[in-house]
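Results of the structural survey
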Amino acid sequence: MTSEAPKQHLNPFSLFYYAYKGILNWGIFALIALPSQRTNFWVVIGTLLSLVIIVGLLKFFFFTFQISGDMITINSGIFVKRHTHIPYG
């Protein structure tokens, strides 16, 4: 099942969505873990934001899709690659 269509990425505005979801997921963890640790608040926030940005960029670059005449193929995954084929019929 190969298609001649080029692989495409999502719109760059999807990076905002990845950042939003990352802050929600990791922010809850930070709120739970931060009060129990005796660390500098800004170091923890900076590390959290760096982690969210790096993971969001990786997700963006590793998510591609192809639209061909008979199906849509979605390729995703950073470490575990997933290839989903969706036929039109």
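Notes on the structure in this doc start here. Keep in mind it's a predicted model, so treat the numbers as computed, not measured.

Here we come to the sheet that holds strand 2 (residues 64–67). Taken in spatial order, the four strands line up as 1-2-3-4 in an open sheet, and their pairing is antiparallel. Since the sheet does not close on itself, it has two edges, and those belong to strand 1 (8–9) and strand 4 (82–87), each with one partner. Looking at chain direction, strand 2 and strand 3 (residues 71–76) are connected through four bridges and run antiparallel. Its bridge partner lying in strand 3, Phe-65 is registered against Ile-74.

This next bit is on helix 2 (residues 41–62). Spanning 22 residues, helix 2 covers 32 Å between terminal C-alpha atoms, matching the ideal 32 Å at 1.5 Å per step. Every buried residue belonging to helix 2 is among Leu-48, Val-52, Gly-56 and Phe-60, and all of these are buried. Looking straight down helix 2, one finds that the buried residues subtend no more than 95° of arc, so they occupy a single side. Exposed side chains of helix 2 directed beyond 90 degrees from the buried face belong to Val-43, Thr-47, Ile-54 and Phe-61.

What follows is about the side chain of Asn-75. If you trace the backbone, Asn-75 turns up in strand 3. Asn-75 sits in the buried class, given a relative accessible area of 9%. Within the structure, the side chain of Asn-75 is placed 2.8 Å from the side chain of His-83, a separation counted as a polar contact. Discounting chain neighbours no more than four positions away, the residues touching Asn-75 are Lys-7, Phe-62, Phe-63, Thr-64, Gln-66, Arg-82 and His-83.

Analysis parameters
Residues numbered from 1 in each chain as written. Predicted model: local features only at pLDDT ≥ 70, side-chain atom pairs only at ≥ 80, totals over all residues. Heavy atoms only, no water. Pairing = 2+ DSSP bridges. Helix = DSSP H or I, 4+ residues; strand = E, 2+ residues; numbered from the N terminus. Expected span 1.5 Å × (residues − 1). Buried < 20%, exposed > 50% of the residue type's maximum accessible area, 1.4 Å probe, protein only. Arc of directions from axis to C-beta. Polar contact = N/O pair within 3.5 Å; in protein donor to acceptor, adjacent residues only side chain to side chain. Contact = heavy atoms within 4.5 Å.

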